[in-house]
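# Secondary and tertiary structure notes
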Amino acid sequence: MARYIFKRLIGMMIVIFIVLTIAFIIVRLAPGDPATLMLGPDATAEDAAALRQRLGLDRPILVQYLSFVGNAVQGDLGESLFFNQPVTQVLAARSEPTIFLSLFSLLIALVIATPIGIYAAYRRGSFLDQAAITTAMLAASIPSFWTGLMLQRYLATDLGWFPVSGYGGPDTGFLERMRYLLLPSIVLGIVNSALILRFTRASMLDILGEDYIRTARSKGMGERRVVLRHALKNAAIPIITVVGLTFALLVSGAVVTERVFNIPGMGNLVVSAVLRRDYPVIQGALIVVASLYVLINLLTDLLYLVVDKRVKY
Amino acid sequence: MESRLLTRASLLAAFMAGPAMAAPLAAQTTLDVAIIGEADTFDPMMSTKDVVSIVTQHFVETLYTFDSGWNVAPLLATEMPQISDDGLTYTIGIREGVTFHDGSSMDAKDVVASLERWLEVASRGKLVADKVASIEATGDYEVTITLTEAYSPLLSLLAFSNSAAAIYPEETIAETIDPVIGTGPYKIAEHVPDQYLQLVRYDDYSSRSEEPDGAAGARNQIVDEIRFVPVPDPNTRVEGLLSGQFDFADGLPAESYDRLDSSDVADPMLLQPFGWPVFAINHKEGLLTDKTTRQALQAALPMDDMLFAAFGDDKFFLTDGPLYPEGWAWRNDAGAELFNQNDQARAAELLQEAGYDGTPLRILTSRQYEFHFKMAEVARMALEAAGFTVQMDVVDWATLGERRNDPALWDIYISHSPFLPEPSLTDMYSKTSRLGWSNPEKDEILAEFTSETDPEKRKELYAQLQGQVFEDVGFIKIGAFNALSGMAEGLTGVTETPWPFFWNAESAE
């Protein structure tokens, strides 16, 4: 077990190293120069060249790469070109909204999707099953920016129940900040509940057809117990996988929703950083997201051990 | 159990109700202003971006500023300078009793150090740097600028909030200034990048005493706090304004006009005209170095259609040729008959005369500003009808910003600008700009224009310069467009300007 985790951690570092190398190359291949952007439309080429020199962007790419890797190994991801702050600090500030947003939306997705998925599988072919599948398809097909705009317009602007956007001003406390996350969480929760619902239903259907379920029933076990104790426990592994993946996707991919609701999270940061060509921030964010992705995958695999005693590593 | 439930219920209620449940602050007035993005720097010398100007003018000041008629007016200077008859010496009195936000008082030494830095690092400062012989403190509260040749745009440059000649304490002057300390009516309290910039009233502010007039005159600090919130998505700015979350929102999409107009929470604020879209022309290399080809280009363009495609409703644009709008001192009609010819047959003749060989005309544009792209699309059709082969290079703004510096990569790039108070603030007239527009006649007019100090003569010279823009097709103005902002009902005292400011603003909340 310890050996397994150790091996996975080594693998994780290799993945992250590859990601950071690719990130480094790709952002520098993209045309567009941070210095020109920072100085504004009327700045001259000479001004931009001087700023590039000050930022160290005129050094050979290999020198920039080696210094970046050398510093990254020591936990120093450099300084944001735009914020004049260490990248680690910039990223730390952005991770809180994203993590809470991901957790909230995952919670919403689970609360909606698992019971309906289980029930739909149990009553396969019934009206509710059909309705659940159709709704799930609809929910998955509607773009999240549209749902976001609608919720924003009707629940926030017209009814005034929620803030339209942002993450609170200087005098907002933790609870108030969380309130800002409710609408975007619902948007992401709806989208992701569709996926989880379909997985739960499919996984439950497989298990409900197994011999031991028939045996349990023939022994006179109550339906509720059969479904919730026997079937659900065994159907859980694929569900955990998809929940893990969903969470990882949420952390890395809430870009549109963060943009629409103007949440200063990682997704929003990455988009702005790309538009600003803030190389160190793009690299740093990719490293953090890649690490989270790999870490969540590892945790998902470890969770299998808890759920199913037959799994051994 | 019951009490736990109750606690939970009340927590939930507090959570849902949010600020409504919070104890009211003691009559603290705050203005929440949604801006289009984060200001990259708080040092306005270092940037020509409008968003930087908008934000920084609240805490950093300059010697001069502009009144509502875009005339230069004193701000940190006591009055307008004494200019020697030969136009070479500017003696500027500095106001006494002005303190910086760190408590230190401002004197001539701070001004000299700041202006020297401005000449060295600011794009617009560099425009005059080679004409400045010296900047000296000629008294505790007097500064003398000596020029090597007369340069009439100097005062406008000193007054502009963009690439601004900001006045900082001498001790803070360095390559980068951090934190930024100014003399403005508000000072920085907290900045959380991409979330908000909180400005609070500077209690020791020393205001001018004249009636407020544009950015000139008294700067009254009516609200206690101004919070600038970067909101990149335009729809989110609209919703935020309509929900009451913001008191002012800048850069709103034209389509939101009717919603704002019919709302009882907010009102539209149409700045007409705001500015002009421009097709910048490459005079250094390629197809358009040929004058007849440029004239063919100018003849073919249908400005009405381009503007309509770009702005959708004539509430938001004006098909207007002269380079300055109605009501401005610089307005004149020279050459304007060549505007909006929409004559593809004439263009085809000119192309034939030029011996055009079908080399693609490369239009560099971006979709960051959707109206640029839409104008380019309509232009393409007209140009193709005239016989041009057109190649559209649609890139993001960052890429455009870089590519336009290389004359080998484009023939036209599309940009836009607010109407600037002084023509020389637009560098497109200058042969050293990235357009590289130069001919002996124009260069001579420009040299005379920038050294002439008599306002009437300057107007005449400017008319000649505008004539050159059309005659030689230096660059192409497409028209004028309006900008939409919005403000909460009950907000008063906000001047209509491309760079809105909120001293003197009063909220009815």
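Residues numbered from 1 in each chain as written. Chains lettered and ligands numbered in written order. Predicted model: local features only at pLDDT ≥ 70, side-chain atom pairs only at ≥ 80, totals over all residues. Heavy atoms only, no water.

With that out of the way, let us pick up the pattern of salt bridges. For the structure on display, the rule yields 32 salt bridges over all chains. Between Asp-472 of chain B and Arg-294 of chain B there is a salt bridge, with its nearest N and O atoms 3.0 Å apart. A residue pair is termed long-range when its members are at least 10 positions apart, and Asp-472 of chain B in the loop between α14 (455-471) and β17 (475-477) and Arg-294 of chain B in helix α8 (residues 291-300) qualify at 178 residues. Taken as a pair, Asp-472 of chain B and Arg-294 of chain B share a single burial class, namely buried. What you see here is one network of salt bridges that share partners, running through Asp-171 of chain A together with Asp-32, Glu-225 and Arg-227 of chain B. (Salt bridge = Lys/Arg side-chain N within 4 Å of Asp/Glu carboxyl O. Helix = DSSP H or I, 4+ residues; strand = E, 2+ residues; numbered from the N terminus. Buried < 20%, exposed > 50% of the residue type's maximum accessible area, 1.4 Å probe, protein only.)

Residues and elements named next belong to chain B. Taking 1.5 Å per residue as the helical rise, α14 with its 17 residues ought to reach 24 Å, and the 24 Å between its terminal C-alpha atoms agrees with that figure. Looking only at α14, the buried set comprises Arg-458, Leu-461, Tyr-462, Ala-463, Leu-465, Gln-466, Gly-467, Gln-468, Val-469 and Phe-470. Against α8, α13 (440-451) and β17 lie the buried residues of α14. Positive phi appears at Val-473, one or two residues downstream of α14, with a value of about 50°. (Expected span 1.5 Å × (residues − 1). Contact = heavy atoms within 4.5 Å.)

This part is about the interface of chain B and chain A. In this complex, chain B contributes 50 residues to the contact, which on the side of chain A involves 48 residues. For the chain B and chain A pair, buried surface summed over both sides reaches about 4100 Å², with 52% attributable to carbon and sulfur atoms. Viewed at the interface, chain A and chain B are joined by four salt bridges. The residue Asp-194 of chain B makes a salt bridge to Arg-276 of chain A at a minimum N-O spacing of 3.1 Å. Linking chain B with chain A are 11 residue pairs in polar contact (both at pLDDT 80 or more). The set of elements that each furnish at least two residues to the side of chain B that touches chain A consists of α1 (2-17), α4 (123-129), β9 (196-201), β10 (225-230), α6 (234-242) and α12 (397-403) of chain B. Each residue belonging to the side of chain B that touches chain A can be placed in one class, and the counts come to 17 nonpolar, 16 polar and 17 charged. (Buried area = accessible area lost by both parts, 1.4 Å probe. Polar contact = N/O pair within 3.5 Å; in protein donor to acceptor, adjacent residues only side chain to side chain. Nonpolar A, V, L, I, M, F, W, Y, C, P; charged D, E, K, R; others polar.)

As a further point, take unusual backbone geometry. Residue Pro-179 of chain B is reached from Asp-178 of chain B by a cis peptide bond, and omega for that bond is 0°. Checked against the element boundaries, Pro-179 of chain B lands in the loop between α5 (154-159) and β8 (186-192). The amide bond that connects Gln-272 of chain B to the next residue, Pro-273 of chain B, takes the cis arrangement and shows omega of -10°. You can see Pro-273 of chain B is positioned in strand β12 (residues 266-281). Phi is positive for Asn-262 of chain A, close to 50°, though the residue is something other than glycine. With respect to the secondary-structure elements, Asn-262 of chain A resides in the loop between α12 (255-260) and α13 (266-276). Its relative accessible area of 5% is what places Asn-262 of chain A among the buried residues.

Okay, the UniProt feature "domain: Solute-binding protein family" (unreviewed entry) in chain B next. Mapped onto this numbering, the UniProt entry gives "domain: Solute-binding protein family" (unreviewed entry) at residues 72-429 of chain B. With 27% helix and 24% strand, residues 72-429 of chain B has its two end C-alpha atoms placed 22 Å apart. (UniProt positions renumbered as here; feature names shortened; annotations may be inferred.)

A few words now on the packing of aromatic side chains. Both the distance between ring centres and the angle between the ring planes are used here to describe each pair of aromatic rings. Residues and elements named next belong to chain B. Taken as a whole and judged by the stated rule, the model has 35 aromatic pairs over all chains. Lying over the aromatic face of Tyr-151, Lys-131 brings its terminal NZ or CZ to 4.6 Å of the ring centre. Note that Lys-442 overlies the ring of Trp-437, its terminal NZ or CZ placed 4.7 Å from the centroid. (Phe/Tyr/Trp six-rings, centres within 6.5 Å; stacked < 30°, edge-to-face > 60°. Lys NZ or Arg CZ within 6 Å of the ring centre and 35° of its normal.)

Counting 131 residues, the largest nonpolar core has Leu-63, Ile-145, Leu-158, Phe-228 and Phe-475 of chain B as its most contacted members. It is helix α14 (residues 279-307) of chain A that provides the largest number of residues to this core, a total of seven residues. Look past the residues within four positions of Ile-145 of chain B in its chain and what remains in contact with it is Leu-88, Thr-89, Tyr-90, Ile-92, Leu-115, Val-132, Ser-134, Ile-135, Leu-154 and Leu-158 of chain B. Within the second largest apolar cluster, 58 residues are counted, among which are Leu-271, Leu-301, Ile-476 and Ala-483 of chain B. (Core = buried A, V, L, I, M, F, W, Y, C linked by side-chain atoms within 4.5 Å.)

This part covers the environment of Lys-431 of chain B. By secondary structure assignment, the location of Lys-431 of chain B is in the loop between β16 (412-418) and α13. For the pair Lys-431 of chain B and Asp-261 of chain B, spaced 170 residues apart in the sequence, the C-alpha separation amounts to 45 Å.

Residue and element names in this part refer to chain A. Together, Phe-6, Ile-10, Ile-14, Phe-17, Ile-18, Ile-22 and Ile-26 make up an exposed nonpolar region whose accessible area comes to about 680 Å². Inspection of the secondary structure puts Phe-6 in helix α1 (residues 2-29). Among the residues examined, Phe-6 registers a relative accessible area of 54% and is labelled exposed. (Patch = residues over 30% accessible without salt bridge, like charges linked within 9 Å, V, L, I, M, F, W, Y side chains within 5 Å. Areas by Shrake-Rupley, 256 points an atom, 1.4 Å probe, with all protein chains shown as cover.)

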